[in-house]
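Residue-level structure breakdown
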Amino acid sequence: MSAEEPEQPQLDAARPPKVKGKHKKDKPWDHEGIDHWTVPTFTKEDNPAGILEESSFAVLFPKYREKYLREVWSAVTRSLKEVGIGCELNLVEGSMTVKTTRKTFDPFVIIKARDLLKLLARSVPAQQALKILADDVQCDVIKIGGIIRNKEKFVKRRQRLLGPNGATLKALELLTNCYVLVQGNTVSAMGSYQGIKQVRRVVEDCIKNVHPIYHIKTLMIKRELAKDPNLATENWDRFLPKFQKKNVKRKKAPIVKKPEYTPFPPPQQPSKVDLQLESGEYFLSQSQKAARKAADQQEQQRQRVLDKQQERLKAFVPPQEPEPSTSAKPAKEADSGLEALTLSLKKQSKSGKKRDLVPANEFMIPEAQGTAQQTDEHRKKKKRI
């Protein structure tokens, strides 16, 4: 071991030093002016030989789309023929098929044609669905049916995604530059990769009970921040709103206490025969039972007649008169007060003093005073005549 130890540093010295990035070589076809995110157009000159193997895709469609697909299938066939794709509509099996032909030069166009069939099956209009054949348009079919089990909650949250008169969905389309269609248990979206990604997040969160207005507010702020070139390289988290979850108090179901468990069964209830034995009715004959029943009915009828008579007599009961109050003055004091009042009135009439009366015109509004004066003057003239 002692002889091998001095050889290790000699081997390390013989190795060449490690250079980071030695395999990175200059690429003459790559420079700073190239935008790597742009999708270049694929023409027939890029693949003049065409495709050797045939590829095909088949998509099923619901029964209610059959009539519409028969009407627009000729337009779909013409558009697919321009890119070298053949198509077939099978009404018996309820399926649509696309396949490559000898004229197909773009190997990715068959995937685009498959997406076209998916959109047509999910009730997207043919005029809108045919835009998927363009290179800068992508699509995504978001499945929302299996996120929540409760049917009523699912319908409410799906309607929340649409909004009143489709306002929420329209705002989402404007902010993401995508076409969005809600149909049944799926949501179809068409647009750029970035827009489709935003739409998927908003749709899935909406079904998970996160209102889309929060995402729409965030998207509006991001749109305004993107217009400022000074903020292009900065972090936008300080500008974006942070929404906190609120625990809404709900009515708690009343707790029903379970009775204590006992291994013994409850006592047996007495049967009809047992009750008859207790009352002695079991030993009576048929005629005696009938007589007892008739007597009970007569007693009940007599009681009802008495109750009705008592109700009728209540109308003839006189009401209770109020008791005389203790604070009232005695009769003599009342008579003396009345005599004093009559004496004072007689003195006033003998003295001949008249009270100064206030004319009634003072209590009238100005317009009524004018009309009253005119009527008085008219009456005076008539008396003179």
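Note: the structure precedes this text.
All of these numbers come straight from a predicted model, not from anything done at the bench. (Residues numbered from 1 in each chain as written. Predicted model: local features only at pLDDT ≥ 70, side-chain atom pairs only at ≥ 80, totals over all residues. Heavy atoms only, no water.)

**As for the nonpolar core**
- Counting residues in hydrophobic clusters, the biggest one holds 29 residues, and the most contacted among them are L80, M96, V98, L116 and L120.
- No other element matches the eight residues that helix α3 (residues 109-121) contributes to this core.
- Apart from the residues lying within four places of it in its own chain, the contact partners of M96 are F57, A58, V59, F61, L69, W73, E88, L89, L117, L120 and A121.
- One finds I144, V182, A189 and I207 within the second-largest nonpolar core, a separate group that totals 16 residues. (Core = buried A, V, L, I, M, F, W, Y, C linked by side-chain atoms within 4.5 Å. Buried < 20%, exposed > 50% of the residue type's maximum accessible area, 1.4 Å probe, protein only. Helix = DSSP H or I, 4+ residues; strand = E, 2+ residues; numbered from the N terminus. Contact = heavy atoms within 4.5 Å.)

**Examining the pattern of salt bridges**
- All chains considered together, the criterion is met by seven salt bridges.
- Ionic pairing is found between E204 and R200, a salt bridge with its closest N-O pair at 2.9 Å. Of this pair, E204 and R200 both sit in helix α7 (residues 193-207), separated by four residues, roughly a single helical turn.
- For R200, a relative accessible area of 30% corresponds to the partly exposed category.
- The salt bridge partner of E224 is K227, with a shortest N-O separation of 3.5 Å.
- Connected via shared salt-bridge partners are D140, R200 and E204. (Salt bridge = Lys/Arg side-chain N within 4 Å of Asp/Glu carboxyl O.)

**Some words on the sheet that holds strand β3 (residues 95-100)**
- Read across the sheet, three strands follow the order β1-β3-β2 without closing on themselves; strand pairing throughout is antiparallel. Strand pairing shows two members of the sheet lacking a second neighbour, β1 (56-60) and β2 (85-90), which therefore form its edges. Neighbouring strand axes in the sheet, compared pairwise and without regard to direction, differ in orientation by 15° on average.
- Helix α2 (residues 66-82) contacts β2 and β3 of the sheet and is inclined by roughly 165° relative to β2.
- Each of β1, β2 and β3 is contacted by α3, which is oriented at about 170° to β3, the strand it contacts most. (Pairing = 2+ DSSP bridges. Axes fitted to C-alpha atoms, helices over the stretch in contact; angles between N-to-C directions.)

**Looking at the packing of aromatic side chains**
- For the coordinates displayed, the defined rule picks out two aromatic pairs.
- Each ring, one from Y214 and one from F243, has its centre 4.6 Å from the other, and the planes form 50°; the classification is tilted. Of this pair, Y214 sits in helix α8 (residues 212-226) while F243 sits in the loop between α8 and α9 (272-279), and the two are 29 residues apart along the sequence.
- Taking the ring centre of F57 as reference, the NZ or CZ of R114 above it sits at 5.4 Å. (Phe/Tyr/Trp six-rings, centres within 6.5 Å; stacked < 30°, edge-to-face > 60°. Lys NZ or Arg CZ within 6 Å of the ring centre and 35° of its normal.)

Limitation: the analysis is restricted to geometry and does not speak to function.
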